[in-house]
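# Analysis of the macromolecular model
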Amino acid sequence: MAILQAGFISVPFSILCRGTRSRGASRAAKTRRHILALVALALTIASPFPARATGPEGQLTWGVHVSLAPTWFDPAEMSGIITPYMVYYALHDGLVKAMPGQPFAPSLAKSWAASDDGLVYEFILRDGVKFHNGEPVTAEDVKFSYERYRGAANKALKDRVAAVETPDAKRVLFKLKQPWPDFMTFYTSATAASWIVPKKYVEQVGDEGFKKAPVGAGPYKFVSFTPGLELTMEAFDEYWRKPPNVKRLVFRVIPDESTRLAALKRSEIDIAYSIRGELAEELQRTKGLTLKPTVIQAAFWLYFPDQWDAKSPWHDQRVRLAASLAVDHKTINQALTLGFSRITGSIIPDTFDFYWKPPAPVYDPAKAKQLLVEAGHPNGFDAGEYYCDVSYANLAEAVLNNLQAVGIRARLRPLERAAFFKGYAEKSFKNVIQGASGAFGNTATRLESFVAKGGTYVYGSYPDIDALFQQQESELDAKKRAAMLDKIQQLVHERTIYAHLWQLAFLNGAGPHVGESGLGLIAGHAYSAPYEDVTLTGK
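Nothing here was measured: the structure is a model prediction, and the numbers come from that model.

Helix and strand counts for the protein chain stand at 17 helices and 18 strands. Taking the intrachain contacts of the protein chain between residues at least 6 apart in sequence as the baseline, contacts between residues at least 24 apart amount to 70%. A total of about 22800 Å² of accessible surface is found on the protein chain, and carbon and sulfur atoms cover 53% of it.

Let us now look at the sheet that holds strand 3 (residues 59-64). Taken together, the 10 strands give an open sheet; going across it, the order is 10-11-12-3-13-18-14-17-15-16, and neighbouring strands pair in mixed fashion. Since the sheet does not close on itself, it has two edges, and those belong to strand 10 (220-226) and strand 16 (408-415), each with one partner. Two strands pair when backbone bridges link them, and strand 14 (residues 290-303) and strand 18 (residues 498-510) are joined in this way by 11 bridges, in the antiparallel orientation. Bridge assignment links Ala-299 to a residue of strand 18, and that residue is Gln-503.

Those residues of helix 12 (residues 365-374) that fall on the buried side of the exposure criterion are Ala-368, Leu-371 and Leu-372. Here the buried residues of helix 12 occupy an arc of 100° about the axis, which is enough to place them on one side. Lining the buried residues of helix 12 we find helix 10 (317-326), strand 15 (381-389), helix 13 (393-406) and strand 16. Gly-376 sits one or two residues past helix 12 and shows a positive phi near 95°.

The next thing to look at is the environment of Val-432. Within the secondary structure layout, Val-432 lies in strand 17 (residues 432-437). When the C-alpha positions of Val-432 and Pro-305 are compared, they lie 6.9 Å apart, and in sequence the two are 127 residues distant. Val-432 has contacts with Leu-302, Tyr-303, Pro-305, Trp-314, Glu-385, Tyr-386 and Tyr-387, leaving out every residue within four places of it along the chain.

This paragraph deals with the packing of aromatic side chains. Scanning the model with the defined rule gives 47 aromatic pairs in all. Ring plane angle 55° and centroid distance 6.4 Å describe the contact between Phe-73 and Phe-222, whose orientation is recorded as tilted. Pair noted here: Phe-73 is in the loop between strand 3 and helix 3 (85-91) and Phe-222 is in strand 10, with a separation of 149 residues, a long-range link. A single burial state applies to Phe-73 and to Phe-222, both of which are buried. Taking 5.0 Å as the distance between ring centres and 35° as the angle between the ring planes, the aromatic pair formed by Trp-180 and Phe-186 counts as tilted.

Our focus in this paragraph is the sheet that holds strand 9 (residues 171-176). Pairing is antiparallel across the open sheet formed by four strands, whose spatial order is 6-7-9-8. With one partner strand each, in any of the chains shown, strand 6 (109-114) and strand 8 (161-168) form the two edges of the open sheet. Pairs of neighbouring strands in the sheet enclose a mean axial angle of 15°, with direction left out of account. In this fold helix 4 (residues 139-148) packs onto strand 7 (120-125), strand 8 and strand 9, with an angle of close to 160° to the strand it touches most, strand 8. Sitting on the sheet, helix 6 (residues 183-190) touches strand 6, strand 7, strand 8 and strand 9, and the angle it makes with strand 7 is about 40°.

Counted by the stated rule, this structure contains 32 salt bridges. What you see here is one network of salt bridges that share partners, running through Asp-74, Glu-77, Arg-148, Arg-150, Asp-207, Glu-208 and Lys-211.

Turning to the side chain of Asp-141, a few remarks are in order. Residue position: Asp-141 is located in helix 4. Engagement of the side chain of Asp-141 in a polar contact is seen with the backbone nitrogen of Thr-138, the distance being 2.9 Å. Here Asp-141 is in contact with Phe-131, Pro-136, Ile-196, Val-197, Pro-198 and Lys-199, once residues within four sequence places are set aside.

With respect to the helices and strands, the residue Ala-113 is situated in strand 6. The partly exposed category is assigned to Ala-113, whose relative accessible area is 43%. A C-alpha to C-alpha distance of 9.8 Å links Ala-113 and Leu-173, two positions 60 residues apart in sequence. Excluding residues that lie within four positions of it along the chain, Ala-113 makes contacts with Val-120, Tyr-121 and Glu-122.

A cis geometry characterises the amide bond from Ala-529 onward to Pro-530, with omega recorded as -10°. By the secondary structure assignment, Pro-530 is in the segment after strand 18. A positive phi angle, near 75°, is found at Phe-354, a position not held by glycine. For Phe-354, the location among the structural elements is in the loop between helix 11 (329-337) and helix 12.

With that settled, the discussion passes to helix 8 (residues 257-265). The complete set of buried residues in helix 8 reads Glu-257, Arg-260, Leu-261, Ala-263 and Leu-264. Projected down its long axis, helix 8 carries its buried residues within an arc of 160°, all on one side. Buried positions along helix 8 lie against strand 3, strand 13 (271-272), helix 9 (277-285), helix 13 and strand 18. Just beyond helix 8, the residue with positive phi is Ser-267, at close to 60°.

For the rest of this paragraph, the subject is the pairing of strand 9. Where strand 7 and strand 9 come together, five bridges link them in antiparallel fashion. Pairing of Ile-124 across the sheet is with Arg-171, part of strand 9. Direction of pairing for strand 8 relative to strand 9: antiparallel, over a ladder of five bridges. Each residue of the ladder has a partner; that of Val-161, found in strand 9, is Leu-176. If you look at the hairpin formed by strand 8 and strand 9, you'll find two residues sitting between the two strands.

Moving on, we get to the pairing of strand 16. Bridge analysis of strand 15 against strand 16 gives eight bridges, and the strand direction is parallel. Note on strand 16: the bridge partner recorded for Phe-381 is Ile-408.

If you trace the backbone, Ala-444 turns up in helix 15 (residues 443-450). Sequence separation of Ala-444 and Asp-182 is 262 residues, and the distance between their C-alpha atoms is 8.2 Å. With residues near it in sequence (within four places) discarded, Ala-444 still touches Asp-182, Phe-186, Phe-469, Gln-472, Arg-481 and Leu-485.

The subject of this paragraph is the packing of helix 8 against helix 9. Taken N-terminus to C-terminus, the directions of helix 8 and helix 9 make an angle of 10°; their axes are 10 Å apart at the nearest point. By the criterion of interaxial angle, the relationship of helix 8 to helix 9 is roughly parallel. On the side of helix 8, the interface is formed by Glu-257, Ser-258, Leu-261, Leu-264 and Lys-265, while helix 9 contributes Leu-279, Glu-282 and Leu-283.

What counts as what
Residues numbered from 1 in each chain as written. Predicted model: local features only at pLDDT ≥ 70, side-chain atom pairs only at ≥ 80, totals over all residues. Heavy atoms only, no water. Helix = DSSP H or I, 4+ residues; strand = E, 2+ residues; numbered from the N terminus. Contact = heavy atoms within 4.5 Å. Areas by Shrake-Rupley, 256 points an atom, 1.4 Å probe, with all protein chains shown as cover. Pairing = 2+ DSSP bridges. Buried < 20%, exposed > 50% of the residue type's maximum accessible area, 1.4 Å probe, protein only. Arc of directions from axis to C-beta. Phe/Tyr/Trp six-rings, centres within 6.5 Å; stacked < 30°, edge-to-face > 60°. Axes fitted to C-alpha atoms, helices over the stretch in contact; angles between N-to-C directions. Salt bridge = Lys/Arg side-chain N within 4 Å of Asp/Glu carboxyl O. Polar contact = N/O pair within 3.5 Å; in protein donor to acceptor, adjacent residues only side chain to side chain. Parallel < 35°, antiparallel > 145°, perpendicular 65-115°, else oblique.

This is the structure we're talking about:
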C-alpha cells in the first residue's frame, strides 16, 4: 500500500518485486504499470505537510523603530552609527566584514595580505561574484567605492592612503604613506569604504538615482521603498555565500513602541526592534513571543558641546561632573532595559580593543548640588535644549528628570534619527546632546569620531589629547600604543568631556514564525544579520 508522507510517496520494496518472482514477465509489467499509476495519482493529492523547499520562500517582516532614510541605502554616506548596517547587510557586501565568530571575515575578497613593511595591502576578489544587475564585481568597483566614500572618518582614512591600484580585475592594492596599524579597522570596519557598489550603474544613474534604486552585491535585492512606511527586498539567488532561506524581507516603519508590540502580537510583523520597560515585561509574558536582549557595542552619553566656551556654565568641569553625578543609572537601566544594559562609565564599548576600564559611575545628587553651588549656581541654571534621537526620548526624559532634581533645567528636543545625526555632525547643536554610537571599530576609531580634533562629532578638543592621539596612530609597538590610548581615555574621564549613560542592551521581540532571527549572531551588532542565515520556523 502506498504511504503519503511530507508530499512524497513511499512504496515498500516487497510490493515492487512481488510480481516478478511468481507471475512472469507480463504480470510483472502489469503490476509495475499499476504502481506507476498509483504514484502519479498520489502525487496529485494535496499533502497535509509542506513540500521541501527548492529555494528561498516565505516572508519575514521587521517592525523598525526608526524612520528609514535613503541615505542609509548608500555606503558612501555612512554616518558613523550602526543603523545603516541594518540595510547594508541585506543589499550590499564588503570586501571584509564582521560575521558570526569573525570580526574580519573574508567576503567579496577571498583573501588579503600586508607587505612586510606595512605599506601595501593587497586584496584578492572572489571569482564569479555578481551585483544584482548581473555585472561582475571587479577591482575597479572596489577602487571606485573607496574614492566616492564621503562618510564618517573618510578624512582619517584617505589622508593615509597614497594610492589605490588595480593591476587586474581581481586584485586591488592600497599603498599607504606610512605604516598604519589601524588600516584594516578603518577601511573595513569603522567606515563603509569597503562596501562595494557597481561603478557603471552609479555613474549611469547618479548618487540620487542610486539611493532611489540601489544595486548591491548582498544577499537581497531592492524591490521598493515607501518613505515613512517600508522597505521591501527579495532574495538574490546568486549570492556567493549561499542563497538566502527567506524569499522576501520587509522593514516596516513603526515608530511607536506599543504599536510595534501590538503588531507582533497579531503576527503582522515577525520581529520587533526596541521593546523596553513595561512593554518588554509584557512581551515576556505573552505566549509565543520571545524577548531577545543583546548588549551591543553602543555606548550612550551626554555631550556638552559648549564646554570650550568660557561664557557657558558647561565650561566649568564641576558643572559637567554634577550632571554626571545626577544620573541614576541603575534605576533607569532597570526601568527601561530590565537591568540588561551595562553601566561602564565610558563612551568606548567594553568589548573594543584597547578599552580602558574607568571607575564605576556614581549616583550622588547631594554631591551634584554641592558642585553646582561651588560653581556659582546655588539655584541651578537653565541649561537650554537637550537634543536626542527621538527613538531614545524615553531615556532622555528619565535623565532630564534626574538633572531637574539637582537644579539643571533643560528642555527636550527630540529629532528623527537621520536628522539628529546630521545636525550633530554639522555642529549645529548647543547645550546638551544625548549622543550614541554602535558602529564597528576599536577604541581608536571611536576616539577619532568623538574626541580627537576634526572628528565627525567633535565640537572642540584638548591639545594634549590631540597630541597623544596623533602619536598612537603610527605607533607600531602594541604596548606603547595601548598605554597612549589608556591615557587618552583617562583624560576624557577626568575632564568629564562626556557623562556616561549606559552601554545599551537592545531589547527585541521575535514571533512564533521566526526560526533563526539573526539577532546576536554577530558580536556587538544591533540588528538581525547575516540575513542569508535567518529562517522561518520549520525551515
